Amino acid sequence: MQFEINRKIFHMSSLLLPILYIFASKVVAIIGLLIIAGSTIALDTARHYNPKVQELVDKYFLFIMRPHEKSGSFKLSGSSYMMAGFLITAIVFPKGVAISSWFVLIISDSCAALFGSKMGTPTNHGKSFEGAAAFFVSAVLIGVISHAIVPYPTGFWSLTFAALGASAVEYYSPQIGIDDNLTIPISFAILISIL
């Protein structure tokens, strides 16, 4: 449980990005994310090949890495997928949609992990219905609140269905096989845009 708490505290530190985007233009956000995402992915890749980079990364981030993310696994960490998801949604979708999808990823994914770990009964793939429910409820609330802050064309039912779809993506992420830090914001943004 302490591992999940530590990981989600770090996860929540990324709230700074959607907050900054509220006040920044789309162009400035994209340029900033190109730099952040590029640096994150480069560092994340380099740690698997360069002992000095690995030592630096492990010193500060090993305590929040899942086993499949650790140096030597030759896999990207959740942070790289998150930054890629932020960059893609910033480029493809309107500002308000992107910001909502980022808040949903950061807060709802944390709610699912913490609530699921504490109160849930894991299914055969490690997720719980209780965690999925926490994700869904928080995603609806976040969608409504963020829509009020940075409006974009949508309605309550569209937000609800987008939250439900993103909940399903989070719940089935082990079967999907793509890190949910990438699939959650993209799926939420797509569903908001088409519903």
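Residues numbered from 1 in each chain as written. Predicted model: local features only at pLDDT ≥ 70, side-chain atom pairs only at ≥ 80, totals over all residues. Heavy atoms only, no water.

**A look at the packing of aromatic side chains**
Reasoning step 1: Following the criterion strictly, the structure yields five aromatic pairs and no others.
Reasoning step 2: Seen from their ring centres, Phe86 and Trp102 are 4.5 Å apart, and the 20° between their planes marks the pair as stacked. On the criterion of sequence distance, the pair formed by Phe86 in helix α5 (residues 78-92) and Trp102 in helix α6 (residues 95-119) is long-range, its members being 16 residues apart. Assigned by exposure class, Phe86 and Trp102 land together as buried.
Reasoning step 3: What links up through ring pairs into an aromatic cluster is the set Tyr21, Phe86 and Trp102. (Phe/Tyr/Trp six-rings, centres within 6.5 Å; stacked < 30°, edge-to-face > 60°. Helix = DSSP H or I, 4+ residues; strand = E, 2+ residues; numbered from the N terminus. Buried < 20%, exposed > 50% of the residue type's maximum accessible area, 1.4 Å probe, protein only.)

**Some details on the confidence of the model for the protein chain**
Reasoning step 1: Averaged over every residue, the pLDDT of the protein chain is 90; residues scoring 70 or more account for 96%.
Reasoning step 2: Within the protein chain, helix α1 (residues 2-12) has the poorest average pLDDT of any element, 73, and helix α2 (residues 16-23) the best, 97. (pLDDT = per-residue confidence, 0-100.)

**Topic: the environment of Ser138**
Reasoning step 1: With respect to the element layout, Ser138 can be found in helix α7 (residues 129-149).
Reasoning step 2: By relative accessible area, which is 9% here, Ser138 ends up buried.
Reasoning step 3: For the pair Ser138 and Cys111, spaced 27 residues apart in sequence, the C-alpha to C-alpha distance is 7.4 Å.
Reasoning step 4: Discounting residues that sit within four places of it in the chain, Ser138 has contacts with Ser108 and Cys111.
Reasoning step 5: Polar contacts involving the side chain of Ser138 include one to the main-chain carbonyl oxygen of Phe135, which spans 3.0 Å. (Contact = heavy atoms within 4.5 Å. Polar contact = N/O pair within 3.5 Å; in protein donor to acceptor, adjacent residues only side chain to side chain.)

**So, the pattern of salt bridges**
Reasoning step 1: Counting across every chain of the model gives three salt bridges.
Reasoning step 2: The shortest N-O distance in the salt bridge between Glu170 and Lys127 comes to 2.8 Å. Here Lys127 lies in the loop between α6 and α7 and Glu170 lies in helix α8 (residues 156-171), a separation of 43 residues in the sequence. This pair shows no difference in class: Glu170 is buried, exactly as Lys127 is.
Reasoning step 3: For the salt bridge of Lys127 with Asp180, the shortest nitrogen-to-oxygen distance reads 3.8 Å. Of this pair, Lys127 sits in the loop between α6 and α7 while Asp180 is found in helix α10 (residues 180-194), placing the two residues 53 residues apart along the sequence.
Reasoning step 4: On the accessibility criterion, Lys127 (19% relative accessible area) is buried.
Reasoning step 5: One salt-bridge network, in which partners are shared between bridges, spans Lys127, Glu170 and Asp180. (Salt bridge = Lys/Arg side-chain N within 4 Å of Asp/Glu carboxyl O.)

**What about the packing of α5 against α6?**
Reasoning step 1: α6 packs onto α5 with a crossing angle of 160° between their chain directions and a minimal axis gap of 9 Å. What the angle tells us is that α5 and α6 run roughly antiparallel. Relative to α6, α5 is oriented so that their crossing is right-handed. Of the residues in α6, those touching α5 at Met82, Gly85, Phe86, Thr89 and Ala90 are Ala98, Ser101, Trp102, Leu105 and Ile106.
Reasoning step 2: Tallied by class, residues from the contact of α5 with α6 come to seven nonpolar, three polar and no charged. (Axes fitted to C-alpha atoms, helices over the stretch in contact; angles between N-to-C directions. Parallel < 35°, antiparallel > 145°, perpendicular 65-115°, else oblique. Left-handed = near helix turned anticlockwise from the far one by under 90°. Nonpolar A, V, L, I, M, F, W, Y, C, P; charged D, E, K, R; others polar.)

**Quick notes on the side chain of Glu170**
Reasoning step 1: On the accessibility criterion, Glu170 (4% relative accessible area) is buried.
Reasoning step 2: Sequence-distant contacts of Glu170, that is, excluding residues within four places in its chain, are made with Asp109, Ala112, Lys127, Phe135, Asp180 and Ile184.

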